[in-house]
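# Structural description and commentary
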Amino acid sequence: MKLGRLNHIGVATPSIADSVGYYREVMGATQITEPFDMPEQGVKVCFVDTPTDSGINGTQIELIEPLGEGSTIRGFLEKNPLGGQHHLCYEVPDIDEARSWFEGLGKRILGPTRIGAHGTPIFFLHPKDMMGQLTEIMETPRGGAAN
Ligand code: CO
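Criteria and thresholds
- Residues numbered from 1 in each chain as written.
- Predicted model: local features only at pLDDT ≥ 70, side-chain atom pairs only at ≥ 80, totals over all residues.
- Heavy atoms only, no water.
- Helix = DSSP H or I, 4+ residues; strand = E, 2+ residues; numbered from the N terminus.
- Buried < 20%, exposed > 50% of the residue type's maximum accessible area, 1.4 Å probe, protein only.
- Contact = heavy atoms within 4.5 Å.
- Polar contact = N/O pair within 3.5 Å; in protein donor to acceptor, adjacent residues only side chain to side chain.
- Donors = N, O, S within 2.8 Å, 3.2 Å for Na, K, Ca; no water.
- Tetrahedral: all angles 85-135°; square planar, octahedral: opposite > 155°, others 65-115°.
- Salt bridge = Lys/Arg side-chain N within 4 Å of Asp/Glu carboxyl O.

A word on the environment of glutamate 65. By the secondary structure assignment, glutamate 65 is in strand 4 (residues 60-66). Using a relative accessible area of 17% as the deciding quantity, one classes glutamate 65 as buried. For the pair glutamate 65 and histidine 126, spaced 61 residues apart in the sequence, the C-alpha separation amounts to 21 Å. With near-sequence residues (within four places) excluded, glutamate 65 lies in contact with Thr13, Pro14, Ser15, Ile16, Ala17, Gly42, Val43, Lys44 and Ile73. A polar side-chain atom of glutamate 65 sits 2.7 Å from the main-chain amide nitrogen of isoleucine 16.

Written out as structure tokens, the structure reads:
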């Protein structure tokens, strides 16, 4: 296991449109992707860039809105009606190696490795095995630490 950069922080919201407005008007964000649906996950998502001076892309905020009745984040929003921090996502150079590492340690992995919102393979680790934090592990996109 080799820890890579913090790719994004997942933030649940009851309204992506309202959150995007807030990031633009109050937080001064200038780079925000168009929202898109991920029906298999039951979510709509978009990404807010946090700029850096280095030329390497900064950590993003992944805004997540429920999509459909069975959405996995409905329960989270019932407990946190304003929304809030939902997960952290770390990059790793090799997703299969990382999965084997966590499995070997007996950590609970939530579902199969699948393609995430950035088009690269991801899996989720159970918060109870990650110091209370739902954690997404994502393979670094080919060509380096891109978003
Ligand atoms: Co995520």
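As a further point, take the coordination of the cobalt ion. The coordination sphere of the cobalt ion, as far as protein atoms go, consists of His8 (NE2), Glu62 (OE), His87 (NE2) and Glu136 (OE), spread over 2.0 to 2.1 Å. For the cobalt ion, the 4 donor atoms are set out with angles of 88 to 177° between them, so the coordination reads as irregular.

Along the chain, asparagine 7 falls in strand 1 (residues 6-12). What makes asparagine 7 buried here is its relative accessible area of 0%. Only 2.8 Å separates the side chain of asparagine 7 from the side chain of glutamate 91, close enough to count as a polar contact.

In this section: the pattern of salt bridges. Charged atoms that come close allow side chains of opposite charge to pair. Per the stated rule, a full pass over the model turns up 4 salt bridges. The partner of arginine 5 in a salt bridge is glutamate 91, and the shortest N-O contact between them spans 3.0 Å. Here the residue arginine 5 occupies a position in the segment before strand 1, and glutamate 91 occupies one in strand 5 (residues 84-92), the gap between them amounting to 86 residues. Like glutamate 91, arginine 5 is buried.

The next point concerns the environment of glutamate 136. Here glutamate 136 shows up in strand 8 (residues 135-139). Judged by relative accessible area, glutamate 136 falls into the buried class, the value being 5%. Sequence separation between glutamate 136 and glycine 116 is 20 residues, and the spatial gap between their C-alpha atoms is 9.6 Å. Here the side chain of glutamate 136 touches histidine 87 through a polar contact of 2.9 Å, side chain to side chain.

Now for helix 1 (residues 16-25). Along helix 1, the residues classified as buried are Ile16, Ser19, Val20 and Gly21. Buried residues in helix 1 make contact with strand 3 (43-49) and strand 4.

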